[in-house]
Amino acid sequence: MARGRIRSKLKLSLIYTFGCLRPSADEGQEPHPIQGPGFSRTVYCNQPHMHKKKPLRYRSNYVSTTRYNLITFFPKSLYEQFHRAANFYFLVAAILSVFPLSPFNKWSMIAPLVFVVGLSMLKEALEDWSRFMQDVKINARKAYVHKSDGEFRRRKWKKISVGDIVKVEKDGFFPADLLLLSSSYEDGICYVETMNLDGETNLKVKRSLEATLPLDDDESFKNFTGTIRCEDPNPSLYTFVGNLEYERQIFPLDPSQILLRDSKLRNTPYVYGVVVFTGHDTKVMQNSTKSPSKRSRIEKTMDYIIYTLLVLLILISCISSSGFAWETKFHMPKWWYLRPDEPENLTNPSNPVYAGVVHLITALLLYGYLIPISLYVSIEVVKVLQATFINKDLQMYDSESGVPAHARTSNLNEELGQVDTILSDKTGTLTCNQMDFLKCSIAGTSYGVRSSEVEVAAAQQMAVDLDDNGEVSSRTSTPRARTQEIEVESSHGAANNPRIPIKGFGFEDIRLMDGNWLREPHKNDILLFFRILAICHTAIPELNEETGKYTYEAESPDEASFLTAASEFGFVFFKRTQSSVYVHERLSSSGQTIEREYKVLNLLDFTSKRKRMSVVVRDEEGQILLLCKGADSIIFERLAKNGKTYLGPTTKHLNEYGEAGLRTLALSYRTLDEDEYSAWNAEFHKAKTSIGSDRDELLERISDMIEIDLILVGATAVEDKLQKGVPQCIDKLAQAGLKLWVLTGDKMETAINIGYSCSLLRQGMKQICITVMNSEGGSQDSKGAVKDNILNQLTKAVQMVKLEKDPHAAFALIIDGKTLTYALEDDMKYQFLALAVDCASVICCRVSPKQKALVTRLVKEGTGKTTLAIGDGANDVGMIQEADIGVGISGVEGMQAVMASDFSIAQFRFLERLLVVHGHWCYKRIAQMICYFFYKNIAFGLTLFYFEAFTGFSGQSVYNDYYLLLFNVVLTSLPVIALGVFEQDVSSEICLQFPALYQQGKKNLFFDWYRILGWMGNGVYSSLVIFFLNIGIIYEQAFRSSGQTADMDAVGTTMFTCIVWAVNVQIALTMSHFTWIQHVLIWGSIGLWYLFVALYGMMPPSLSGNIYRILAEILAPAPIYWVATFLVTVTTVLPYFAHISFQRFLNPLDHHIIQEIKYYKRDVEDRRMWTRERTKAREKTKIGFTARVDAKIRHLRSKLNKKQSNMSAQDTMSPRSV
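Residues numbered from 1 in each chain as written. Predicted model: local features only at pLDDT ≥ 70, side-chain atom pairs only at ≥ 80, totals over all residues. Heavy atoms only, no water.

Under an unreviewed UniProt entry, the protein has the name Phospholipid-transporting ATPase and belongs to Arabis nemorensis. The heading Sequence similarities (unreviewed entry) in the UniProt record of the protein holds the text "Belongs to the cation transport ATPase (P-type) (TC 3.A.3) family. Type IV subfamily." Its UniProt record gives the protein a comment under Cofactor (unreviewed entry), which states: "Mg(2+)". (UniProt positions renumbered as here; feature names shortened; annotations may be inferred.)

On to empty space enclosed by the protein. Which parts of space are left empty comes out when a probe the size of a water molecule is rolled across the atoms. Enumeration according to the criterion identifies 6 cavities of 30 Å³ or more in this entry. By volume, the largest cavity amounts to about 160 Å³. When the residues that make up the lining of the largest cavity are grouped by side-chain class, the tally is 1 nonpolar, 3 polar and 7 charged. (1 Å grid on protein atoms, 1.4 Å probe; cavity = no way out; pocket = protein on both sides within 12 Å on 5 of 7 lines; lining within 4 Å. Points joined across faces, edges and corners; volume = space filled by probe spheres on them. Nonpolar A, V, L, I, M, F, W, Y, C, P; charged D, E, K, R; others polar.)

The residues that UniProt annotates with the feature "active site" (unreviewed entry) are D425. Looking at where D425 falls in the secondary structure, it is placed in the loop between strand 15 (419-424) and strand 16 (431-442). With sequence-adjacent residues up to four places away left out, D425 is seen in contact with L430, L743, T744, K852, I870, G871, D872, N875, D876 and M879. (Helix = DSSP H or I, 4+ residues; strand = E, 2+ residues; numbered from the N terminus. Contact = heavy atoms within 4.5 Å.)

On inspection of all chains with the given rule, the structure shows 52 aromatic pairs. Both rings, one in F221 and one in F224, keep their centres 5.8 Å apart while their planes meet at 85°; by these two values the pair is edge-to-face. Centre to centre, the rings of Y304 and Y307 are 6.1 Å apart; their planes meet at 85°, and the pair counts as edge-to-face. Of the two residues, Y304 and Y307 both sit in helix 6 (residues 297-331), 3 residues apart, roughly one turn of that helix. Ring-pair connections join several aromatic residues into one group, and the members of that group are F437, F505, F507, W517, F529, F530, F562, F569 and F571. Between K167 and the ring centre of Y270, over which it is positioned, the NZ or CZ distance is 4.9 Å. A cation over a ring is seen here: K575 above Y582, with NZ or CZ 4.9 Å from the ring centre. (Phe/Tyr/Trp six-rings, centres within 6.5 Å; stacked < 30°, edge-to-face > 60°. Lys NZ or Arg CZ within 6 Å of the ring centre and 35° of its normal.)

Our focus in this paragraph is the pattern of salt bridges. A full pass over the atoms with the stated rule returns 49 salt bridges. The salt bridge partner of R207 is E210, with a shortest N-O separation of 3.3 Å. Owing to a relative accessible area of 15%, R207 belongs among the buried residues under this scheme. Among the residues examined, E210 registers a relative accessible area of 36% and is labelled partly exposed. Its salt-bridge partner being R670, residue E676 comes within 2.3 Å of it at the nearest N-O pair. Take R670: its relative accessible area is 9%, and that puts it in the buried class. Among the ionic contacts, a cluster of salt bridges with common partners joins R610, R612, R638, D704 and E707. (Salt bridge = Lys/Arg side-chain N within 4 Å of Asp/Glu carboxyl O. Buried < 20%, exposed > 50% of the residue type's maximum accessible area, 1.4 Å probe, protein only.)

All right, on to the sheet that holds strand 24 (residues 624-630) then. Sheet strands associate in pairs through backbone hydrogen bonding, adopting either a parallel or an antiparallel arrangement. Spatially, 9 strands are ordered 17-16-26-25-24-23-22-21-20 in an open sheet, and the strand pairing comes out antiparallel. A single partner strand is all that each edge strand has here, and the edge strands are strand 17 (445-447) and strand 20 (571-576). When the angles between neighbouring strand axes are averaged without regard to direction, this sheet yields 30°. The pairing of strand 21 (residues 580-586) with strand 22 (residues 593-604) spans 7 bridges and is classified as antiparallel. When the bridges of strand 22 are listed, V581 appears paired with Y598. Across the sheet, helix 13 (residues 557-568) lies against strand 16, strand 20, strand 21, strand 23 (612-618), strand 24, strand 25 (663-672) and strand 26 (711-722), angled at about 50° from strand 16, the strand it touches most. Here helix 17 (residues 695-706) sits on the sheet and contacts strand 22, strand 23, strand 24 and strand 25; the angle it forms with strand 25, its principal contact strand, is near 75°. (Pairing = 2+ DSSP bridges. Axes fitted to C-alpha atoms, helices over the stretch in contact; angles between N-to-C directions.)

Right, here's the structure in full:
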């Protein structure tokens, strides 16, 4: 007990050799020179009032991820709305409609515009409100802050200021960037998990200055003051330069004392820290980018179509105004009924130019129906309904967490169907941060019969493929025979000995369990293997009093899984002191245990450079052992000649484990004699206590001296548990033709291992590792040499890929963050991108959040194709916002990624359905909907132009104003919404069975200019048929039996009836999927037209005008009206009907073939044919377990062919031998 606080008896800094190397200032380290630009920040510790006035007034700790605020919402949102070409046109038209020149009532232009823009702004406001509410939750979190007189009180994060002293307890998040002052451990050590920042699951060791160690409880901060002078806010997560002025001394600061916002305190009861950076000045927020306004490619293309129609509108308006000027000059004097003797300004033959210019404004308003104002609002409605279906999809609901999929914005629904490249985080996105001990190789024997997830998925796929190709002769032998050929062991032991699932332990093999290892031939090697697992680590045990079992606070999940495995094998690590570890060893099958103490003489901890960890211990017999575990490539090169007994079989087993997607480590040992150890330890202690910049290298060199002449014992295989369904999802996405890049903060070895687990890497795939060479100093010459080296590696790799002749060869590009810093520079980034695009998979490791965003931007801009970024942590926010589509995983580590995303899902596996099903549907729906919209508006709008030309460019509309208002709002709006919401070319099951259908969106088959112009041409054709066929039928003959001819309203109503029929029949032909909803909306719209004409005609003449009883007394009794409607409708849709008929017959698309198979139920009658079609429909890919299975099948076929050729050769030779 120390001042009322529980203090650990362990000085953890003494355990680490490389983790806590920083010497204190009194050991000779000089303070940093803090001056010049970039180093202007001054923090007065425990004096936050000093930062309330300029120039020391820094940003608050309030964080916002919204696009708008109360002040900027209206200007920014209005700019977004009128940035759309159609909305801007209708804004101008609404302004012009106020003047007398308008052919329509002004409210008929203003009301639709206000409705459309208002609805879109409301949608944006609601979406931003949800982001705001997420910000409120984050900012309302509370932390303990020193108030005064040694008293700490809870305060909201947003009210924390620079200079505040903050106390953070175990498993709590840091509310700002803090300088570590002290911790619950006597030497100021604490463990920090930075998974939210860089994706690393390994715990980082932080250590406070020795000068601040006495600040170990609340009371000690009563009179504490100090001054920090340091660098200005910047996005670099791994650097920090500053000095602490405390008690008239200056102490240098470095990153090992900085606790970053959104990282988590682990394995440490509490820490104290002073706030250095707050809010948007923190490093995690410096790595984030402003939430951008994203628009889909279809919407951008739609703007070009609007521009095209605007050009058409201006062209026909100019033709109309020129015609009007011509008529005014040459024909007006002959038209006595217009009183040419008293001409008005608009009809004055002496000034035709003025008349033409004024008429141009009228024409621009009259032909405005070419531009569909309701298109945007209809798309908004459709997208909201599509997003609702995404949110309600039970197939994307995670029952374990209770989290559904959520479309946080509906602007990008159709973009989901056009994704080319997926950029994914690893930890928490692909993996669930859980390691399971699955297999091991000891003394050349492989143990562990349980298959990994990758093996199971590959076995299932291979069984299907072999069966489809008739490779298996009988069904009775299929399950066992296939899995044996794939070399996947059957977990037969599991059925006989069911076990309660243990976290971190998935091993199944009766040969090692329950003391049975004592009957194995190499039991001494097995004993040593278990002891290495139980002793070689830095973990701390904690007893669970409820279960009576130990849990382990380890730096990495791997280490925890090794200790769990050792416990299950009977070697329970239960206690650590400053100098020893204690293990309960079960050395007999009776279950009795022996407590053994191992004195820890030295511990050489793991670093990414060393790739190994060693511990030197003295056992109870006095023997000195060096126990070492590490990467097989490192361990194997350090083996003694007599230590390679098991090298061959162990190497074979490691390859098999790697193929199964498992993470492997080699285990070895060495016996040391007393004199050798004493001599080495003296050198090691001398190096550890030395002062100088070369201390790190000196320690590593001396460590290398003892880690030689090792004897190989075996190897471990740990499964980095993928989230459920990840291998299947990646495989399906690969079959859909999508590329997958993994961007992770993990070290290269971890990233490569997970690449194998996800089947992004496989045996036989050629790995291209681009790494930076070691360079001393930071001079321009050394940087230039590094850049030249990287460029040379890139050039050679590109040539190697291009010169590859094998069509089945696959390349994987692996690059680290340090190299990426150079590769992303302007003079090199496109060479890097060219290489990456040619590779089957790309893995970027040790990347910062900023680099993730830069890589995403490079792929997006360099390829010009749609990118999707997916992640679950704050370190993924930058790339989520930078990508065309951002998807957040609703994980356990905060909601930052979800808050910044466009779509959120609970598990990575739901991405398959989000893209392959909803993306495919939404793309086709929106594409067909927009094409149809332009078709119907062209078909309708051009009839106005034809009639005006037919009537001497008079500016007269052939349709009643209410017809014009109803056309887009009522009579054709609901069927097109039904098309955008309910249309399905194939069902969701077919989308998943035939993932290659997704290529239709990637190739933009339904919204390229060929199809757009085709629909526009169809609209022009329809307008010609509707106008001229009606005129031809009605104009020169009696309309009724009594001899009356049709007036303008009768002609206009007849033409409008034909338009309503034609466009609704056209949309019925466009649809592939019908429910009662579509039928009601399509045929109901036509019925609604007749109902409106009948009811409107019944109104008094003062309201209905010339439409009074037009249906009941004029049109309905006239057969020519019904004949014209039928003939015009049939003639209008005939070309489209012929086109789709010939296309299905001569050049069918993929979904046409599937529709035909389903319609005739061929999939039920011939299942083998159906499965074969599914196999053929897969996009050829080089990643995913399907590619792994294909490679395995090719290998089996090659072996079979060789075997058959050898047998035939023997048969040929046998008569001769006789």
